[in-house]
Amino acid sequence: MPAGMGHAAPMGGGHAHSHSHGDGHEPELAPSAARRALLVAAAAVGALTLLGLVLLWPRGEADADLGELGFPAQLVDATVTSVREGPCQGTAPSDGVVCDEIEARITNGPTEGDVAAFELAPGASNPGLAAGDRIVLGYAPDADPGFQYYFADFQRRGPLVALAVIFAVAVVVLGRWQGLRALAGLALSLLVLVAFTLPALLEGDSPLAVALVSASAVAFLALYLAHGVNTRTTTALLGTFLSLALTGLLGLVFVSLARFTGLGDEEAIYLQVSSDQIDLRGLLLAGIVIGSLGVLDDVTVTQVSAVWELRRASPGLGARQLYRSALRIGRDHISSTVNTLVLAYAGASLPLLLLFTQASRPLGEIITGEVVAVEVVRTLVGSIGLVAAVPITTGLAALVLAGRRPASAPGVAEPAEPS
């Protein structure tokens, strides 16, 4: 049929296929038995996810007291009003030790309207404040006068909000309603992390269980919102769950074999002191599972779409032919995605790698030290799960479509799926 024709007339003993282009639903290519099996499997995973949410839902508030560990008891916004140089506190002018003496007006919090005075010593840690800078101060009311405020950070809400708006506009302009649904899924995913994942981890629940339940809930929300409730999405969802289970199992094995303590960074030490119920080794494993999800669903959706479109273009293909053809597409996708994943982890750890390189430590020591080895295990386990997602999801999609031969004449392709 010519590419420009929108409909195919019935030929021979075949039947014309009627597809709705206005309701956003896809034409069903999968046999009813396969759809029922998918529905049962998805319902079972959904029920387990709901059960996990109920059992692991945080019952109270974390009692961690980070104030005793050097964290500010409260953060307040302020605007710098003046900056001048003067001798650092505890030194004489003749010593020649000069600090920046800062005054800033508090713009929120219990001391709003007050003028905070503090000083910054010279050196690389001095951010170089100027009048008019919008900053964040740590406020410790029980400290001695003159030491109640100190510089904590710059205010960044404005640039971050602007960047988020640009991102949202770009997604909606390109994806239209599907892009808007994807943004809604992203918002709900963040809500799951903030309302469930983090509080449950702080309460001392099993990090692996919390991560799996969180990832499952996020996958349901993100995939169904972005791609609609249909057979294709359910197939991708189940492929994601199978790949995620493999990733979690590999992570569990190698985090244990590598004998990670979870104390490889400063944040972990703070957590251990302030919330001793947290399993730091399990926290590493949870990070591997949740971090892998975002890339896994991209691969699984792509592979399912490839199988569906191959079947639509060539209705006579069997399961083996569908699998082999879609797998060739998956190889190209996975080679670039794995490279992206490795470079993303390397980029995040670049300052650390530079520090070790500057210390002239042998490469073997750098890689096998816990700080870097954690990232190596995280990268390789996530990459293995990513690679496995291609044959797992492709095979599942091919099996789903294998039971039916569309009743169209040879050489006549079905109409394109509505976008």
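Look above for the structure.
Residues numbered from 1 in each chain as written. Predicted model: local features only at pLDDT ≥ 70, side-chain atom pairs only at ≥ 80, totals over all residues. Heavy atoms only, no water.

### Structural notes on the overall build of the chain
From N to C terminus, the chain includes 10 helices and 5 strands. Burial analysis of the chain (419 residues in total) assigns 37% to the buried set. Restricting the contact set of the chain to residue pairs at least 6 apart, pairs at least 24 apart contribute 69%. When the accessible surface of the chain is split by element, carbon and sulfur atoms take 64% of a total near 22800 Å². (Helix = DSSP H or I, 4+ residues; strand = E, 2+ residues; numbered from the N terminus. Buried < 20%, exposed > 50% of the residue type's maximum accessible area, 1.4 Å probe, protein only. Contact = heavy atoms within 4.5 Å. Areas by Shrake-Rupley, 256 points an atom, 1.4 Å probe, with all protein chains shown as cover.)

### As for the packing of helix α4 (residues 231–257) against helix α6 (residues 280–313)
A pair of packed helices is captured by two measures, namely the crossing angle of their axes and the spacing between those axes. Here α4 crosses α6 at 145 degrees, and the two axes come no closer than 7 Å. For the element pair α4 and α6, the recorded crossing hand is right-handed. Along the lines of polarity and charge, the residues of the contact of α4 with α6 split into 12 nonpolar, 11 polar and 5 charged. (Axes fitted to C-alpha atoms, helices over the stretch in contact; angles between N-to-C directions. Left-handed = near helix turned anticlockwise from the far one by under 90°. Nonpolar A, V, L, I, M, F, W, Y, C, P; charged D, E, K, R; others polar.)

### Here's the deal with the packing of α4 against helix α10 (residues 370–401)
Where α4 contacts α10, the two axes come as close as 8 Å, and the packing angle between them is 145 degrees. By crossing handedness, the relation of α4 to α10 is classed as right-handed. Together, T231, T235, L238, G239, L242, S243, L246, T247, L250, G251 and F254 of α4 and V377, V381, I384, G385, A388, A389, I392, T393, L396, A397 and V400 of α10 make up the contact between the two elements. For the contact of α4 with α10, a count of residues per class yields 14 nonpolar, 8 polar and no charged.

### Structural notes on unusual backbone geometry
For R176, which is not glycine, the phi torsion reads 55 degrees and is therefore positive. As for its position among the elements, R176 is in helix α2 (residues 157–202). Accessibility expressed as a relative area gives 64% for R176, which makes it exposed.

### Examining the packing of aromatic side chains
Evaluated as defined, the whole model comprises 5 aromatic pairs. Between W57 and F196, the ring centres sit 5.6 Å apart and the planes meet at 25 degrees, which makes this aromatic pair stacked. On the criterion of sequence distance, the pair formed by W57 in the loop between α1 (32–56) and β1 (74–87) and F196 in helix α2 is long-range, its members being 139 residues apart. Assessed through its relative accessible area of 41%, W57 is described here as partly exposed. A relative accessible area of 1% places F196 in the buried class. Here F220 and Y224 contribute two aromatic rings whose centre-to-centre distance is 6.1 Å and whose plane-to-plane angle is 40 degrees, an arrangement assigned as tilted. Of this pair, F220 and Y224 both sit in helix α3 (residues 207–227), 4 residues apart, which is roughly one turn of the helix. Considered together, F220 and Y224 belong to a single accessibility category, that of buried residues. Ring pairs connect the aromatic residues F220, Y224 and F241, which therefore count as one cluster. (Phe/Tyr/Trp six-rings, centres within 6.5 Å; stacked < 30°, edge-to-face > 60°.)

### So, the pattern of salt bridges
Applying the stated criterion across every chain, the model contains 5 salt bridges. A salt bridge links R157 to D77, with the nearest nitrogen and oxygen atoms 2.5 Å apart. With R157 in helix α2 and D77 in strand β1, the pair connects residues that are 80 residues apart, well separated along the chain. Of the charged contacts, one joins E309 and R232 as a salt bridge, the two residues approaching to 3.4 Å between their closest N and O atoms. Of the two residues, E309 sits in helix α6 while R232 sits in helix α4, which places them 77 residues apart along the sequence. Given a relative accessible area of 36%, E309 falls into the partly exposed group. Connected through shared salt-bridge partners, R232, E309 and R312 make up one network. (Salt bridge = Lys/Arg side-chain N within 4 Å of Asp/Glu carboxyl O.)

### Some points on the side chain of T235
Among the structural elements, T235 can be located in helix α4. Ignoring sequence-local partners within four residues, the contact set of T235 consists of L38, V304, W308, L396, A397 and V400.

### Side note on the sheet that holds β1
Working definition: the strands of a sheet are paired by backbone hydrogen bonds and lie parallel or antiparallel to each other. Read from one edge of the open sheet, 5 strands run β3-β2-β1-β4-β5, paired in antiparallel fashion. With partners counted over all chains shown, the strands left at the sheet margins are β3 (115–120) and β5 (149–154), one partner each. Ignoring strand direction, the axes of neighbouring strands in this sheet form an average angle of 45 degrees. Two elements, strand β2 (residues 98–106) and β3, share 6 bridges in a ladder whose sense is antiparallel. What sits directly across from A104, in β3, is A116. (Pairing = 2+ DSSP bridges.)

### Topic: the environment of R156
Mapped onto the elements of the fold, R156 is located in the loop between β5 and α2. Residue class for R156 comes out partly exposed when judged on its relative accessible area of 43%. Put simply, R156 and I135 are 21 residues apart on the chain and 8.7 Å apart in space, counted from C-alpha to C-alpha.

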